[in-house]
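Per-entry structural report
Spelled out from the first residue to the last, the chains are:
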Amino acid sequence: MVHYGHSNQLRQARAMGDYLIVGVHTDEEISKHKGPPVFTQEERYKMVQAIKWVDEVVPAAPYVTTLETLDKYNCDFCVHGNDITLTVDGRDTYEEVKQAGRYRECKRTQGVSTTDLVGRMLLVTKAHHSSQEMSSEYREYADSFGKCPGGRNPWTGVSQFLQTSQKIIQFASGKEPQPGETVIYVAGAFDLFHIGHVDFLEKVHRLADRPYIIAGLHFDQEVNHYKGKNYPIMNLHERTLSVLACRYVSEVVIGAPYAVTAELLSHFKVDLVCHGKTEIVPDKDGSDPYQEPKRRGIFCQIDSGSDLTTDLIVQRIIKNRLEYEARNQKKEAKELAFLEAMRQQEAQPSAENDSSF
């Protein structure tokens, strides 16, 4: 997948240098080393390119990072999170560049992993919503999902994401609309931020020479009201970071009203309101949530050209449910085995020192 945890890693990596090149693996490589990918390689190439800290994307990057690859793209060093990534036979994929001193590390984002998001989709409970206590069912899942017999993985286990003002500041552009910019308002759930959202926002961005796009994100309860089931999969805090990371978005309204009111339009001095081709569910009183921008003649419907929806992503997961559960258990077993080997290696020199006395 591509989620805000990856965006946060790319943000940190970009801050370490001047130009960020991101290598994205093929579906074949991911299937071989990790398990079935949720997004296709073409979707992932475009998703990564849409993250605002990325300068260039290298498609079909090799799974094992070598000095040859770094030299080919004139990179001084490579960056990865402070979790491990292993080949299918349990080897550290960054071994060569680490030994050459051309490896840097950034902090992994607590509370999100592909493993966790896949688990939420399979579980179909609402415990991940921001206003709800963790149910015993969710807690049980959090303790067991993707967990192999013998221990809990410190990297891809399930933990709760805690939003902070600092994180929002790090992701936000901090820029206000400037004279001559066209203020465009879009609203929705933007759940499991995906290529359909990126295609839509890219098209909206093209509507003006100098666009300033404001994305209004609905509260979890609001999204659940019109989407049902266990939607949104990502809570409001997580969706905020996902959208802020997109290069086409300038500002986010955290918990926007469902109806686009005259007050909202005046407050943000909105020139244009856009919506995709998805169904517009009437407000609780039966009214059209876009009636005010329509009355003003500033409403525009945009066809993103993509048929991917959050529902389709969930269907992909459910279809491959057994494969994903096996993937998570296999991945954790491999990482725990690597950890154990590292511990034993660290313990050896001290044992040798003891015997020398």
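These lines cover the structure that appears in this document, whether it is placed above or below. (Residues numbered from 1 in each chain as written. Predicted model: local features only at pLDDT ≥ 70, side-chain atom pairs only at ≥ 80, totals over all residues. Heavy atoms only, no water.)

Quick look at the pairing of strand β8 (residues 272-275)
Across a regular strand the side chains alternate sides, sitting on one face of the sheet and then on the other. Side-chain alternation along β8 places Leu 272 and Cys 274 on one buried face and Val 273 and His 275 on a second face that is also buried. As paired elements, strand β5 (residues 182-188) and β8 share three bridges and run parallel to each other. Note on β8: the bridge partner recorded for Ile 184 is Leu 272. Bridge count for β8 against strand β9 (residues 299-301) is three bridges, and the pairing is parallel. Pairing of Cys 274 across the sheet is with Cys 300, part of β9. Viewed along the sheet, the connection from β8 through helix α13 (residues 291-296) into β9 turns out right-handed. (Buried < 20%, exposed > 50% of the residue type's maximum accessible area, 1.4 Å probe, protein only. Helix = DSSP H or I, 4+ residues; strand = E, 2+ residues; numbered from the N terminus. Pairing = 2+ DSSP bridges. Right-handed = clockwise from strand over helix to strand, strands pointing away.)

Details of the packing of aromatic side chains
In the structure shown here, the tally under the stated rule is five aromatic pairs. Ring geometry for Trp 53 versus Phe 171: centroids 5.2 Å apart, planes at 80°, classification edge-to-face. With a gap of 118 residues between them, Trp 53 in the loop between α3 (41-49) and β2 (56-58) and Phe 171 in helix α8 (residues 165-171) connect regions that are remote in the sequence. The ring centre of Tyr 231 lies 4.6 Å from the NZ or CZ of Lys 227, which sits over that ring. (Phe/Tyr/Trp six-rings, centres within 6.5 Å; stacked < 30°, edge-to-face > 60°. Lys NZ or Arg CZ within 6 Å of the ring centre and 35° of its normal.)

Observations regarding the nonpolar core
Ranked by internal contacts, the top residues of the largest apolar core, which has 60 residues, are Met 121, Val 186, Phe 190 and Leu 201. With five residues, helix α9 (residues 195-205) is the single largest residue contributor to this core. Among residues more than four places away in sequence, those in contact with Met 121 are Met 1, Leu 192, Ile 233, Ile 313, Val 314 and Ile 317. In terms of nonpolar packing, the next biggest core, distinct from the first, is built from 14 residues, Ile 214, Ala 256, Val 260 and Val 270 among them. (Core = buried A, V, L, I, M, F, W, Y, C linked by side-chain atoms within 4.5 Å. Contact = heavy atoms within 4.5 Å.)

Some remarks on the environment of Leu 192
Within the secondary structure layout, Leu 192 lies in the loop between β5 and α9. In the structure, Leu 192 is positioned 75 residues away from Leu 117 in sequence and 8.7 Å away in space, judged by C-alpha atoms. Setting aside anything within four residues of it in sequence, one finds Leu 192 in contact with Met 1, Met 121, His 197, Ile 233, Met 234, Thr 310, Ile 313 and Val 314.

Some words on the sheet that holds β8
Strands sit in the order β7-β6-β5-β8-β9 across an open sheet of five strands; the sheet is parallel. The open sheet has two edge strands, β7 (251-254) and β9, and neither has a second partner. Across the sheet, the mean angle separating the axes of adjacent strands is 25° when strand polarity is ignored. (Axes fitted to C-alpha atoms, helices over the stretch in contact; angles between N-to-C directions.)

Quick word on helix α10 (residues 220-227)
Within α10, burial applies to Asp 220, Glu 222, Val 223, Asn 224 and Tyr 226. Along its buried surface, α10 packs onto β5 and α11 (236-244). Phi for Gly 228, located one or two positions after α10, is positive at around 75°.

Focus on the pattern of salt bridges
Tallied over the full model, the rule gives 17 salt bridges. Here Arg 316 ties to Glu 43 by a salt bridge, and the two come within 2.9 Å at their closest N and O atoms. Of this pair, Arg 316 sits in helix α14 (residues 310-319) while Glu 43 sits in helix α3, and the two are 273 residues apart along the sequence. Relative accessible area serves as the criterion here: at 24%, Arg 316 is assigned to the partly exposed category. For Glu 43, a relative accessible area of 13% gives the class buried. Lys 98 is the salt-bridge partner of Asp 92, the closest N and O atoms lying 2.7 Å from each other. Given a relative accessible area of 34%, Lys 98 falls into the partly exposed group. (Salt bridge = Lys/Arg side-chain N within 4 Å of Asp/Glu carboxyl O.)

Observations regarding the environment of Gly 90
Within the secondary structure, Gly 90 sits in the loop between β3 (78-81) and α5 (95-99). Distance in space between the C-alpha atoms of Gly 90 and Ala 337 is 8.2 Å, their sequence separation being 247 residues.

Quick look at α11
In terms of burial, α11 is largely enclosed, as eight of its nine residues are buried. When α11 is considered as a whole, its buried residues turn out to be Leu 236, Glu 238, Arg 239, Thr 240, Leu 241, Ser 242, Val 243 and Leu 244. The residue sitting at the N-terminus of α11 and contributing the capping side-chain oxygen is Asn 235; that oxygen lies 3.0 Å from the backbone nitrogen of His 237. (Polar contact = N/O pair within 3.5 Å; in protein donor to acceptor, adjacent residues only side chain to side chain.)

Digging into unusual backbone geometry
The omega torsion of the bond from Tyr 231 to Pro 232 falls at -5°, within 30 degrees of zero and hence cis. Not every positive phi belongs to a glycine, and Phe 190 is a case in point at roughly 50°. By the secondary structure assignment, Phe 190 is in the loop between β5 and α9. Residue class for Phe 190 comes out buried when judged on its relative accessible area of 5%. Residues other than glycine seldom take positive phi values, yet Leu 192 does so here, at roughly 50°. Overall, Leu 192 belongs to the buried group, its relative accessible area being 2%.

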